[in-house]
Amino acid sequence: QKEVEQDPGPLSVPEGAIVSLNCTYSNSAFQYFMWYRQYSRKGPELLMYTYSSGNKEDGRFTAQVDKSSKYISLFIRDSQPSDSATYLCAMSGGNFNKFYFGSGTKLNVKP
Amino acid sequence: EAGVAQSPRYKIIEKRQSVAFWCNPISGHATLYWYQQILGQGPKLLIQFQNNGVVDDSQLPKDRFSAERLKGVDSTLKIQPAKLEDSAVYLCASSPPGLAGSDTQYFGPGTRLTVL
């Protein structure tokens, strides 16, 4: 079993739609949860960072962590064509533990 | 603030040749990571440095891959000899001071390696 599972998509939505991206994980020691956006031929760019359970909002983006279910989500409201990219979830147990990445979900927002 | 710099951006070599990649992290970032990202997959950690000491190299194929971080700043990753399956993007990332797992990683643009 992989440490982190993520549906690879692709996910295609019309402009303005609400997008839901998800990851599940198996290691209950993970405490730090991140979402990265990666455009084609670019390095990953940090979008959201959450410690432990709960919600975090930043503009059109909301990150949710449910540690009891080992499930994290990223919601994108009012999606734009510029949101078209691959979204990677990542997590870590902290204290110099390494980061584990999902395989990425490719999102296409159609104008 | 300047980001993580990597060079070269692209490299094409034949199998059994050697290749080296260079990374300059964000100024003041103590932790440096090298990742391998194969097309369609998430980044896989190869090696993690804290200053110039190795924290984790458990997934580094040590028979062919080596990495160093002299003086705790720049880092180089070398592959010798390269295999076809080494074709991937090699990403360098750095983290600011503090507990490495609690801090975020900032990625460079990557080096795209093609082994023929």
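Let me sum up the structure you'll find in this document. (Residues numbered from 1 in each chain as written. Chains lettered and ligands numbered in written order. Predicted model: local features only at pLDDT ≥ 70, side-chain atom pairs only at ≥ 80, totals over all residues. Heavy atoms only, no water.)

1. Regarding the overall build of chain A
Short version of the rule: Helical segments are the DSSP runs of H or I of at least four residues, strand segments are the runs of E of at least two, and each set is numbered from the N terminus. With the radius of gyration taken over C-alpha atoms, the globule rule is written as 2.2 Å times the number of residues to the power 0.38. Note on classification: 1.4 Å probe, protein chains only; a residue is buried when its accessible area is under 20% of the maximum for its type, exposed when over 50%, partly exposed between these limits. Should any heavy atoms of two residues lie within 4.5 Å, those residues are counted as being in contact. Note on areas: these come from Shrake-Rupley sampling with a 1.4 Å probe, and a residue is covered only by the protein chains present in the view. For the purpose of counting charges, residues Lys and Arg are taken to be positive, whereas Asp and Glu are taken to be negative. His and the chain ends are not included. Where a charge sits is defined by one atom per residue type, namely NZ (Lys), CZ (Arg), CG (Asp) or CD (Glu).
When helices and strands are counted, chain A shows zero helices and 11 strands. Mapped from its N terminus to its C terminus, chain A presents α and β elements in the order β-β-β-β-β-β-β-β-β-β-β. Here the C-alpha atoms of chain A give a radius of gyration of 13 Å, agreeing with the 13 Å that 2.2 N^0.38 yields for 111 residues. With the principal axes as the frame, chain A shows a C-alpha extent of 40 × 25 × 20 Å. A burial count over chain A gives 43% of its 111 residues as buried. Counted over contacts in chain A with a minimum sequence separation of 6, partners at least 24 positions apart contribute 54%. In the form shown here, chain A has an accessible surface area of approximately 5300 Å², with 46% of it arising from carbon and sulfur atoms. The centroid of the 12 positive side-chain charges in chain A is displaced by 6 Å from the centroid of its 10 negative side-chain charges.

2. Re the pairing of strand S8 (residues 75-79) of chain B
Residue and element names in this part refer to chain B. Operational definition: Here, a strand pair is defined by DSSP locating no fewer than two bridges between the strands.
Of the two faces of S8, only one is covered, namely that formed by Ser-75, Leu-77 and Ile-79; the face formed by Thr-76 and Lys-78 stays uncovered. Alignment of strand S7 (residues 65-68) against S8, held across four bridges, turns out to be antiparallel. Across the sheet, residue Glu-68 finds its bridge partner in S8, namely Thr-76. Between S7 and S8, which pair antiparallel and follow one another directly, the connecting turn spans six residues, one of which, Lys-71, has a positive phi of 60°.

3. Focus on the sheet that holds S7(B)
Strand pairing in a sheet takes place through backbone hydrogen bonds and is either antiparallel or parallel in direction. Residues and elements named next belong to chain B. Rules: Between N-to-C directions, angles cover 0 to 180 degrees, with each direction set by a line fitted to C-alpha atoms, over the stretch in contact for helices.
Strand order in the open sheet formed by four strands is S1-S3-S8-S7, with antiparallel pairing between adjacent strands. The open sheet has two edge strands with one neighbour each: strand S1 (5-7) and S7. If you compare each strand with its neighbour and ignore which way they point, the axes differ by 15° on average. Looking at chain direction, S1 and strand S3 (residues 19-24) are connected through three bridges and run antiparallel. Note that in S3 the partner of Gln-6 across the bridge is Cys-23.

Read these as spatial facts, not as claims about activity.
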